[in-house]
Amino acid sequence: MYDERLSAPAVLWLLPAGLGISFMLVLLIFSPIAALLGLVAGGVGGAVLLSSYGSPRIRVTQGHLLAGEAKIPVSALGKAEILDRDEAFAWRTRKADARAFMLLRGYIHTALRVEVTDPDDPTPYLYLSTRTPDRLAAALDAAR
């Protein structure tokens, strides 16, 4: 019904390249082979770290919301509130509740805040960074 991967934007992929170049320059004093190995190791290591940071997915399937590692039945969710850039910033800073489940990525500026209505769950709401909060809210409504 809905599937989104919170992948890192293209400009952030310059960071692994910079890391590889930095490793290369540090190891250049030892030998050109060490510098080449530093370039490869730094670039690959940085790419693996960035890829794992951008790997969470948000999915709505029949009856469940899967957000990163969390799997929540849609029946335990209440009202969904679409957050624009300013509201999303407020909810992840000064309005944030320490008990909330937050799947956030700083490079995604919009979000969806979903109330948790299950009385046995101490989580008051879910904060989900998403590029298309309106589509996610519609998918949650359709799953109910």
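Everything below is about the structure printed above this text.
Residues numbered from 1 in each chain as written. Predicted model: local features only at pLDDT ≥ 70, side-chain atom pairs only at ≥ 80, totals over all residues. Heavy atoms only, no water.

Enquirer: Is there a simple way to explain the overall build of the protein chain in this structure?
Expert: Secondary structure summary: the protein chain contains 4 helices and 8 strands in total. Secondary structure elements of the protein chain occur, N-terminal to C-terminal, as β-α-α-β-β-β-β-α-β-β-β-α. Against the globule reference of 15 Å for 144 residues, the protein chain gives a C-alpha radius of gyration of 20 Å, more extended than a compact globule. When its C-alpha atoms are laid out on the principal axes, the protein chain stretches across 60 × 35 × 25 Å. Here the protein chain holds 144 residues, and the buried ones make up 37% of them. Total accessible area on the protein chain is roughly 8200 Å²; 63% of this is exposed by carbon and sulfur atoms. Between the mean site of the 15 positive side-chain charges and the mean site of the 14 negative ones, the protein chain shows a separation of 5 Å. (Helix = DSSP H or I, 4+ residues; strand = E, 2+ residues; numbered from the N terminus. Rg over C-alpha atoms; globule rule 2.2 N^0.38 Å. Buried < 20%, exposed > 50% of the residue type's maximum accessible area, 1.4 Å probe, protein only. Areas by Shrake-Rupley, 256 points an atom, 1.4 Å probe, with all protein chains shown as cover. Lys, Arg positive; Asp, Glu negative; His and termini not counted. Charge placed at Lys NZ, Arg CZ, Asp CG, Glu CD.)

Enquirer: Before we go on, may I ask you to explain the pattern of salt bridges in this structure?
Expert: Note that side chains of opposite charge can pair when their charged atoms are close. One pass over the full model with this rule turns up 4 salt bridges. Note that Asp97 and Arg99 form a salt bridge whose closest N and O atoms lie 3.0 Å from each other. With a closest N to O distance of 2.8 Å, Asp141 and Arg144 form a salt bridge. Overall, Arg144 belongs to the partly exposed group, its relative accessible area being 47%. (Salt bridge = Lys/Arg side-chain N within 4 Å of Asp/Glu carboxyl O.)

Enquirer: How do you make sense of the packing of helix H1 (residues 14-27) against helix H2 (residues 32-53) when you look at a structure like this?
Expert: Helix packing geometry: the angle between the two helix axes and the distance between the axes. Remark: H1 packs on H2, axes separated minimally by 7 Å, with the N-to-C direction vectors making an angle of 155°. Compared by their axis directions, H1 and H2 come out roughly antiparallel. The two elements H1 and H2 cross, and the hand of that crossing is right-handed. Where H1 abuts H2, its residues Pro16, Leu19, Gly20, Ile21, Phe23, Met24 and Leu27 lie against Ala34, Ala35, Gly38, Leu39, Gly42, Gly43, Gly46, Ala47 and Leu50. Residues of the contact of H1 with H2, tallied by class, amount to 11 nonpolar, 5 polar and no charged. (Axes fitted to C-alpha atoms, helices over the stretch in contact; angles between N-to-C directions. Parallel < 35°, antiparallel > 145°, perpendicular 65-115°, else oblique. Left-handed = near helix turned anticlockwise from the far one by under 90°. Contact = heavy atoms within 4.5 Å. Nonpolar A, V, L, I, M, F, W, Y, C, P; charged D, E, K, R; others polar.)

Enquirer: Where do I start with the sheet that holds strand E8 (residues 125-129) in this structure?
Expert: Adjacent strands of a sheet form backbone hydrogen bonds with each other and so pair up, either parallel or antiparallel. The strand order across the open sheet built from 4 strands is E5-E7-E8-E6, with neighbouring strands paired in mixed fashion. For this open sheet the edge positions go to strand E5 (77-83) and strand E6 (101-103), each flanked by a neighbour on one side alone. The sheet shows a mean angle of 15° between the axes of neighbouring strands, taken without regard to direction. Together, E5, strand E7 (111-116) and E8 form the strand contacts of helix H4 (residues 133-143), whose direction differs from that of E7 by roughly 30°. (Pairing = 2+ DSSP bridges.)

Enquirer: What is the right way to read a nonpolar patch on the surface from this model?
Expert: Together, Ile21, Leu25, Leu28, Leu36, Leu39, Val40, Val44 and Val48 line one region of the surface with nonpolar side chains, adding up to about 710 Å² of accessible area. Of all the secondary-structure elements, those providing two or more residues to the nonpolar patch are H1 and H2. Here the element with the most residues in the nonpolar patch is H2; it accounts for 5 residues. Residue placement: Leu39 occurs in helix H2. (Patch = residues over 30% accessible without salt bridge, like charges linked within 9 Å, V, L, I, M, F, W, Y side chains within 5 Å.)

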